[in-house]
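Report on the structure
This is what each chain is made of:
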Amino acid sequence: MNCASEQNGLSSQSDASQNARLPSFNVAVTSGTFAAREAIGMLMEKLSPLQLDIEESGTFELVVAEALNNVVEHGYPDPANCGPIKINCTHKSNGLHVHIVDQGLPMPDGKTPLGLAAEVDVDFMDMPEGGFGWFLIKDLAKDVQYERQGDKNCLRLRVAIAMNATAH
Amino acid sequence: MELSSRTENSFKIVSVQGSRIDAAVAIEFKDAMRAQSDGGPDTVILDLSEVEFIDSSGLGAIVAAMKHIGPDRTLALAGLTPTVDKVFRLTRMDSVFSLFSTLEGALDELRV
């Protein structure tokens, strides 16, 4: 699969329903403390024609925030070595498809963490303060796929919202 | 990330003056909570009613704040907006904290 390639799935739709969808769009930021916040601000603005409800926008925001936090924290761990993060978002009949590309360090073992739920039935001082990120991504997003392509990380996922929404 | 606090009915109420507790401010939040919650009443109520979004870093910072406050004192969370509530439910942290939908509700319930 190519990073830049479009996934199929639009071919069976009529022109009318395609027109009602939000056109695919891109957002680009540079890694750093405020990268995720900045990208989410731009994404949510571009998604505003879909008039997502609070439940849907919260789900989308969480998934994207956790994915971007991961890129900033582990992909570009050295604050002196920032790099680009590019996000494509495509509105399809089965939800919002998000494609995140960065040129940071690869995922360990070439795959995403399992994202198991953190254990909360533990002693007070052993309460987890981290390890929630991938759990939230895998719980809230569908079709999470990671691929290292040359010097790029490509993370694809789908958030199953706005399926019947039309752009206003 | 600003926090303001007051003491009311023998509770320490710490209010977050910001709409996001995310990776960008998680450490700042943790330090500010530490400063606000040291000493004082046994029950600390964190008023999250202005917070619209929290990510896993923010959640971790709240857990760290709870640990800092210690097992002999209580950290209750009040005023959870929909997305904040979702994060607590999904991670099962709703079973660890006392959660209240409003600050008034928390004050009523926690009053001995």
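Residues numbered from 1 in each chain as written. Chains lettered and ligands numbered in written order. Predicted model: local features only at pLDDT ≥ 70, side-chain atom pairs only at ≥ 80, totals over all residues. Heavy atoms only, no water.

**Here we look at the environment of Ser31(A)**
All names here are of chain A. Locating Ser31 in the fold gives a position in the loop between β1 (25-30) and α2 (35-47). Residue Ser31 is classed as buried on the basis of its relative accessible area, which comes to 6%. Sequence separation between Ser31 and Gly104 is 73 residues; the distance between their C-alpha atoms is 9.4 Å. Not counting chain neighbours up to four residues away, the residues in contact with Ser31 comprise Tyr76, Asn81, Cys82, Gly83 and Ile85. (Helix = DSSP H or I, 4+ residues; strand = E, 2+ residues; numbered from the N terminus. Buried < 20%, exposed > 50% of the residue type's maximum accessible area, 1.4 Å probe, protein only. Contact = heavy atoms within 4.5 Å.)

**Description of the sheet that holds β1(A)**
Residues and elements named next belong to chain A. If you walk across this open sheet you meet the 5 strands as β1-β2-β3-β5-β4, and the pairing is antiparallel. Each having just a single partner strand, β1 and β4 (142-149) make up the two edges of the open sheet. On average, adjacent strands in this sheet sit at an angle of 15° to one another, irrespective of strand direction. Sheet topology note: the strand β2 (residues 84-92)/strand β3 (residues 95-102) ladder contains 8 bridges and is antiparallel. If you follow Lys92 over to β3, its bridge partner there is Gly95. (Pairing = 2+ DSSP bridges. Axes fitted to C-alpha atoms, helices over the stretch in contact; angles between N-to-C directions.)

**A look at the pairing of β3(A)**
Residue and element names in this part refer to chain A. Of all 8 residues that make up β3, 8 are buried, and the element is covered over most of its length. The turn linking β2 back onto β3 is made up of 2 residues. Alignment of β3 against strand β5 (residues 152-159), held across 7 bridges, turns out to be antiparallel. Within β5, the residue paired with Ile100 across the bridge is Leu155.

**A few points about the packing of aromatic side chains**
Summed over the entire model, instances satisfying the criterion amount to 1 aromatic pair over all chains. Pairing Phe88(B) with Phe97(B) gives two aromatic rings, centres 5.7 Å apart and planes at 85°, and the pair type is edge-to-face. (Phe/Tyr/Trp six-rings, centres within 6.5 Å; stacked < 30°, edge-to-face > 60°.)

**Overview of the nonpolar core**
By size, the foremost hydrophobic cluster in this structure holds 75 residues, and its most contacted members are Phe60(A), Leu46(B), Leu48(B), Ile62(B), Leu75(B) and Phe88(B). Ignoring anything within four residues of it in the chain, the contact list for Phe88(B) reads Ile54(B), Leu59(B), Ile62(B), Leu77(B), Leu80(B), Met93(B), Asp94(B), Phe97(B) and Leu99(B). In terms of nonpolar packing, the next biggest core, distinct from the first, is built from 9 residues, Phe11(B), Ile45(B), Leu103(B) and Leu107(B) among them. (Core = buried A, V, L, I, M, F, W, Y, C linked by side-chain atoms within 4.5 Å.)

**As for the interface of chain A and chain B**
With 27 residues of chain A in contact, the opposing surface of chain B contributes 29 residues. Taken over both partners, the interface formed by chain A and chain B buries close to 2,400 Å², and the fraction arising from carbon and sulfur atoms is 64%. Counting the surface chain A buries against chain B, the share from its top three residues, Arg37(A), Phe124(A) and Glu129(A), is 26%. Counting the contacts that link chain A with chain B gives 5 salt bridges. A salt bridge links Lys67(B) to Glu129(A); the shortest N-O distance between them is 2.9 Å. Here chain A and chain B share 10 residue pairs in polar contact (both at pLDDT 80 or more) between them. Element by element, the count of residues in the side of chain A that touches chain B is highest for helix α3 (residues 54-75) of chain A, at 9 residues. (Buried area = accessible area lost by both parts, 1.4 Å probe. Salt bridge = Lys/Arg side-chain N within 4 Å of Asp/Glu carboxyl O. Polar contact = N/O pair within 3.5 Å; in protein donor to acceptor, adjacent residues only side chain to side chain.)

**Structural notes on the packing of α3(A) against helix α4 (residues 133-140) of chain A**
Residues and elements named next belong to chain A. One can describe the packing of α3 onto α4 by two numbers: an axis separation of 9 Å at closest approach and a directional angle of 140°. By the criterion of interaxial angle, the relationship of α3 to α4 is oblique. Handedness of the α3/α4 crossing: left-handed. Seen from α3, the contacting residues are Thr59, Leu62, Val63, Glu66, Ala67 and Asn70; seen from α4, they are Gly133, Trp134, Leu136, Ile137 and Leu140. Here the contact of α3 with α4 is built from residues that sort into 7 nonpolar, 3 polar and 1 charged. (Parallel < 35°, antiparallel > 145°, perpendicular 65-115°, else oblique. Left-handed = near helix turned anticlockwise from the far one by under 90°. Nonpolar A, V, L, I, M, F, W, Y, C, P; charged D, E, K, R; others polar.)

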